[in-house]
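A closer look at the structure
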Amino acid sequence: MDKVAKRCNAYGLKQVTDYHYGRLGDNNYLTETPQTIDLWLKLTKRYKNADYNNLFFEI
C-alpha cells in the first residue's frame, strides 16, 4: 500500500482502499471480526497523517 500511496500522490490520484474479504460469515464472525478490526486499526494508524482528500477507506 505504501508504494501505491506514493504513486497516487505523485500522479495526483485519489486512493480508495476497499475491504473485500470472503471468509466473514455467520459461522465464523466471532473469530473473523476481531481480525478485521485489527487490520483496519493497523491501516488507520499507519495512514493517520495522510491527506484526507486523497486517501479513502471503505469498510
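First, a word on what this report is: a plain description of the structure on this page. (Residues numbered from 1 in each chain as written. Predicted model: local features only at pLDDT ≥ 70, side-chain atom pairs only at ≥ 80, totals over all residues. Heavy atoms only, no water.)

1. What to know about the environment of Trp 40
Following the sequence through the fold, Trp 40 ends up in helix α2 (residues 29-46). Under the relative-accessibility criterion, Trp 40 is labelled buried at 8%. Trp 40 sits 17 residues away from Phe 57 along the chain, and the two C-alpha atoms are 9.0 Å apart. When neighbours within four sequence positions are excluded, Trp 40 is seen to be in contact with Thr 17, Tyr 19, Phe 57, Glu 58 and Ile 59. (Helix = DSSP H or I, 4+ residues; strand = E, 2+ residues; numbered from the N terminus. Buried < 20%, exposed > 50% of the residue type's maximum accessible area, 1.4 Å probe, protein only. Contact = heavy atoms within 4.5 Å.)

2. Regarding the side chain of Thr 36
With respect to the helices and strands, Thr 36 occurs in helix α2. At 3.1 Å, the side chain of Thr 36 forms a polar contact with the side chain of Tyr 19. (Polar contact = N/O pair within 3.5 Å; in protein donor to acceptor, adjacent residues only side chain to side chain.)

3. Thoughts on the environment of Tyr 19
In this fold, Tyr 19 is placed in the loop between β1 (15-18) and α2. Residues Tyr 19 and Gln 35, 16 residues apart in the sequence, show an inter-C-alpha distance of 13 Å. Beyond its immediate stretch of four places on either side in the chain, Tyr 19 contacts Thr 36, Leu 39, Trp 40 and Glu 58.

4. Let's talk about the nonpolar core
Formed by Ala 5, Trp 40, Leu 43, Tyr 47 and Leu 55, the largest nonpolar core amounts to five residues. Setting aside residues no more than four positions away along its own chain, Leu 55 makes contact with Gln 15, Thr 17, Tyr 47 and Ala 50. (Core = buried A, V, L, I, M, F, W, Y, C linked by side-chain atoms within 4.5 Å.)

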